[in-house]
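Coordinates in review
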Amino acid sequence: MDSNNLGLPVGTTLDRFIKRKQDDFPYATGELSQLLRDIALAGKIINREISRSGLLGIGGAFGATNVQGEEQQKLDVIADIRFTRALRNGGEVCAIISEEEEKIIDLGNHSGRYVVAMDPLDGSSNIDVNVSIGTIFSVFRRISPVGGPITEEDVLQKGTEQVAAGYILYGSSTMLVYTTGHGVNGFTYEPSLGEFFLSHQNITTPKDGKIFSINEGSWDLFDQPIRDYVQECKECQFSGRYIGSLVADFHRNLLKGGIYIYPRSTKSPKGKLRLMYECNALAFIVEQAGGMATDGHRRILEVEPTELHQRVPLFIGSPKMVEKAMEFVRNDAISKGKKTQMKTA
Ligand code: AHM
Ligand code: MG
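These lines cover the structure that appears in this document, whether it is placed above or below.

**Some words on helix α6 (residues 246-256)**
For α6, the buried fraction is high: 9 of the 11 residues fall into the buried class. Turning to α6, its buried residues number three or more, namely Leu 246, Val 247, Ala 248, Asp 249, Phe 250, His 251, Arg 252, Asn 253 and Leu 254. Directly beyond the C-terminal end of α6, a positive phi value near 95° is found at Gly 257.

**Observations concerning the packing of aromatic side chains**
Within the structure shown, the criterion is met by 7 aromatic pairs. Judged by centre distance (5.7 Å) and plane angle (70°), the ring pair of Tyr 229 and Phe 328 falls under edge-to-face. Separated by 99 residues along the polypeptide, Tyr 229 in helix α5 (residues 224-235) and Phe 328 in helix α8 (residues 319-344) bring together distant segments of the chain. Across the pair, exposure class does not vary: Tyr 229 and Phe 328 are buried alike. Clustering of aromatic rings is evident, with ring pairs tying together Phe 17, Tyr 178 and Phe 187. For Lys 234, the ring lying beneath its charged end belongs to Trp 219, and the centroid distance is 5.0 Å.

**Examining the site of ligand 1**
Around ligand 1, a shell composed of 17 residues is seen, among which Asp 122, Tyr 242, Leu 246, Tyr 260 and Tyr 262 lie nearest. In the environment of ligand 1, an oxygen atom lies 2.9 Å from a nitrogen or oxygen atom belonging to the side chain of Glu 99. With respect to ligand 1, the side chain of Glu 278 contributes an N or O atom lying 3.1 Å from an oxygen atom. Out of a free accessible area of 470 Å², ligand 1 has 83% covered by protein chains. For the shell around ligand 1, the elements supplying multiple residues, two or more each, are β5 (114-122) and β13 (259-262). Taken together, the residues of the shell around ligand 1 sort by class into 5 nonpolar, 5 polar and 7 charged. Each of two domains, domain 1 (10-200) and domain 2 (211-338), supplies a minimum of three residues to the shell around ligand 1.

Calculation notes
- Residues numbered from 1 in each chain as written.
- Chains lettered and ligands numbered in written order.
- Predicted model: local features only at pLDDT ≥ 70, side-chain atom pairs only at ≥ 80, totals over all residues.
- Heavy atoms only, no water.
- Buried < 20%, exposed > 50% of the residue type's maximum accessible area, 1.4 Å probe, protein only.
- Helix = DSSP H or I, 4+ residues; strand = E, 2+ residues; numbered from the N terminus.
- Phe/Tyr/Trp six-rings, centres within 6.5 Å; stacked < 30°, edge-to-face > 60°.
- Lys NZ or Arg CZ within 6 Å of the ring centre and 35° of its normal.
- Near = heavy atom within 4 Å.
- Polar contact = N/O pair within 3.5 Å; in protein donor to acceptor, adjacent residues only side chain to side chain.
- Areas by Shrake-Rupley, 256 points an atom, 1.4 Å probe, with all protein chains shown as cover.
- Nonpolar A, V, L, I, M, F, W, Y, C, P; charged D, E, K, R; others polar.
- Domains from an automatic or database assignment.

Next up, the structure:
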């Protein structure tokens, strides 16, 4: 049976959907299914905290910075605690890496077979102004023997090794979108029932699009090929749409067709976004939906991780748009190469 198309109708609960997927794999132990349920549960709790944050006094800054020197919001910290707790209690996960934590978090579940990389609350500068924010997660199978201590090798795996990835978008409605490598499905949260229901079956992204998403405020800091590509988007009268919340920008472009770019710049020579818990998950999802994700040169999923909080430029979205943007980067590199050759000749 094609596990892309389970024949499950819109309105199927996330629990039932996960169960049906598991039944398609005769040797599945159910641990990954349980892990996905744990994430969904934490997502429901975060959703509740976010929707009441203005009333509970949990908006605003926490008063500390994370390992990357970014000011933590109270909800960043709450989301980190909630997800960590859900995954620790679930027992399937032995270790986590999180945007909010400097080091690997050893959950003490040494019999757990999975590791998770997560950004518990991305785009958190948007919390206090009621703009969409999101959770991003990647799941890997651990490499070290089950039962033993966890190692850095367990968490520093290439994106191609992900066994599942997803995001929760806290937007005009809350949605969980995930893949286990057999297509992408989206579930909308029904708060009065406390359930996620299948609403977007087998998501595919348009091959081409007319939306470009980039922080143009950094124009002067971009490399020339990025400026040239954006200029071309403008000449084609594409729409510029940039929320400043990666999950929300990504989700819109996934459904409507478009490109999101966070390039390197003179301020952030390696880009801003983090490979392990921002880019890998979205790259896995976009590829499963027929799109592309690169760092301007190569697939994000093939970037070799060297550190937990590694940054990487991101070009992600409709394949024709990503190809086009890469062409600008490539042509610039070729012409620079020719100039260097001429100088040295
Ligand atoms: P965060 O993880 O600290 O929230 O930063 C990531 C966010 C993304 O959601 C968003 O796309 C990007 O940073 C916006 O950055 P900028 O304000 O530089 O455009
Ligand atoms: Mg983030």
